[in-house]
Amino acid sequence: MRIQVRRTGGFAGIERRGEVETSGRPDAAEWHALAERAVASGPGTPPAGVPDGFSYRITVDDRTVYCADPRLTEDQRTLVSRVLKEGA
Amino acid sequence: MTTHGGFQPVFCTVVPPHVLDRLARSDDPARSGPARRTLRRDGELRTLRQVTTEFRLAAEPDTRAPSDQPARTIHDAGHRTDLPGAVVRREGEPPGQDATVNRAYSGLGATFDLYLRVYGRHSIDGEGLPLVATVHYDEQYDNAFWNGEQMVFGDGDGEVFLDFTLPLDVIGHELTHGVTQHTANLTYYGQSGALNESVSDVFGSLIKQYALGQTAAEADWLIGAGLLAPGVTGSALRSMKAPGTAYDDDVLGKDPQPATMAGYVRTGRDNGGVHINSGIPNHAFYLAAAALGGHAWEKAGQIWYDVLTGGELAERALFADFAGLTVKAARERYGDGGDEFEAVRKAWEQVGVRIL
């Protein structure tokens, strides 16, 4: 499973990207479960954000959802945080 | 709210937290009791309780004139993302041990002061709206934002960004998003979004200049000076004096802001480049203020404030619309053909915005 996150906007307006390929990873099952929950609850088009809020695009294999601060589910927040940190 | 795919936005409360804070401070236990209990609730039952409180508020309209003192409340999110978080400092309480809380409190005060002393505006809405900020949002969070009701500040990751309450202009920037929301309500996309961003940078910078007593020539015209961690190659996040020169770093990349329309960036990202193309109206403001000299908040700031609050600026205004209104405001306030009119007209000409 390939998990990609793109974060845009924010006060600084600086884009960040991260990508994690889970195949061969010992924690792949955990990643899969988290990614499934994160994309299950997001819309397929970018939601309206708030001024200076981050906007996120999460792509899990061929599925893409969008979300924006501060309206992230806990799973989305955990996923984007981990992918941007570990897959930068 | 159909665009949210059915999940409940966590921050979308019925009664704004600042209303609850005001109620909670009330001397009348019938008003303060429920509000205090509401403020203590965690997420799940929040909406139900607030609906009850709202009806109580509606029955007792507040007819007092707005105060010349701010009504600040600082909350601590405790590195989580529930807003507004625990109250850690209310208006009039002395500084505590947490420098971030103290900076947020002082920054809100400095912002309130500029709007009141210079432009005669009572808080965000002109009617004394309480000012609410949350600090320590999330973990190592590299951002600050306005959620429609309050300011939110992250601590930064410590490696690229430091605490977002450090620069006074960042606090002023966020609060000015509230002023814009209550006045011209510029749509946060494309050129109107870049104008929304620029207005926040303009008044954010003016709040810092006013607090420091600086003239246009003395000011650094930087947004976010002191926010970048040691080791990052850059002085700030944006420069109104020289857009595109604030940073050039291995990790951050290079400041992408254009100074003129020749460099206008067309993109769908960042709400249509609101933090990129804001460099153009930012630079126009700098040029007008520099040409006029003295304190930038007095003339250039007054002209921009007149446009923001004058009622003629459309929500989806383009740069040319905004420029035209600033020239008109300069003429109306300071006279046709005067220095102010000429400075504003030339500033837009220099950044390549044609006034129709």
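So, how was this worked out
- Here the residue numbering is sequential within each chain, running from 1 through the sequence in written order.
- Here chains are named by letter from A upward and ligands by number from 1 upward, in the order in which they appear as written.
- With pLDDT at 70 or above as the cut-off, local features in this predicted model cover only qualifying residues; side-chain atom pairs require 80 or more to be listed or tallied, and sums for whole chains, interfaces and linings still use all residues.
- To obtain the side-chain values, all non-hydrogen atoms of the structure were included, while hydrogens and water were left out.
- Only centres within 6.5 Å qualify two rings of Phe, Tyr or Trp (six-membered ring in Trp) as a pair; their planes then separate them into stacked at under 30 degrees, edge-to-face at over 60, and tilted for everything else.
- Secondary structure elements follow DSSP: runs of H or I of four or more residues count as helices, runs of E of two or more count as strands, with numbering from the N terminus.
- Each residue is placed in one exposure class: buried if its accessible area under a 1.4 Å probe, protein chains only, is under 20% of its type's maximum, exposed if it is over 50%, and partly exposed if it falls in between.
- UniProt positions are given in the numbering used here, feature names are shortened, and annotations may be inferred rather than shown by experiment.
- By definition, residues are in contact when any of their heavy atoms lie within 4.5 Å.
- Two N or O atoms count as a polar contact when they lie within 3.5 Å, although within protein this holds only if one can serve as hydrogen donor and the other as acceptor, and sequence-adjacent residues are included solely when both atoms are side-chain atoms.

## As for the packing of aromatic side chains
Residues and elements named next belong to chain B.
Phase 1 of the analysis: This structure, assessed with the given rule, holds 21 aromatic pairs over all chains.
Phase 2 of the analysis: Geometrically, the ring pair formed by W221 and F285 is tilted, given 6.0 Å between the ring centres and 55 degrees between the ring planes. Taken together, the positions of W221 in the loop between α6 (190-212) and β6 (222-223) and F285 in helix α8 (residues 279-292) put the pair 64 residues apart, joining distant regions of the chain. Across this residue pair, the class does not change: W221 and F285 are buried.
Phase 3 of the analysis: Measuring from centroid to centroid gives 5.9 Å for W304 and W348, while their planes differ by 10 degrees, and the two rings are stacked. Taken together, the residues span a long stretch of sequence, with W304 in helix α9 (residues 300-309) and W348 in helix α11 (residues 339-350) at a distance of 44 residues. Take W304 and W348: they sit in the same class, and that class is buried.
Phase 4 of the analysis: Of the aromatic side chains, those joined through ring pairs into one cluster are W221, F285, Y286, W304, F322 and W348.

## A closer look at the UniProt feature "active site" (unreviewed entry) in chain B
Phase 1 of the analysis: Mapped onto the present numbering, the UniProt feature "active site" (unreviewed entry) falls at B:E174 and B:H275. Spanning 102 residues, the annotated positions come together in the fold, the maximum distance between their C-alpha atoms being 13.4 Å.
Phase 2 of the analysis: Note on B:E174: relative accessible area 0%, which makes it buried.
Phase 3 of the analysis: Ignoring anything within four residues of it in the chain, the contact list for B:E174 reads A:F11, A:P51, A:D52, B:A144, B:F145, B:W146, B:M151 and B:F153.
Phase 4 of the analysis: Residue position: B:H275 is located in helix α7 (residues 269-277).
Phase 5 of the analysis: Setting aside residues up to four positions removed in sequence, B:H275 forms contacts with A:G10, A:F11, A:G13, A:D52, B:Y188, B:E197, B:R238, B:Q257 and B:D270.
Phase 6 of the analysis: Here B:E197 takes part through its side chain, which lies 3.3 Å from a polar atom of the side chain of B:H275.

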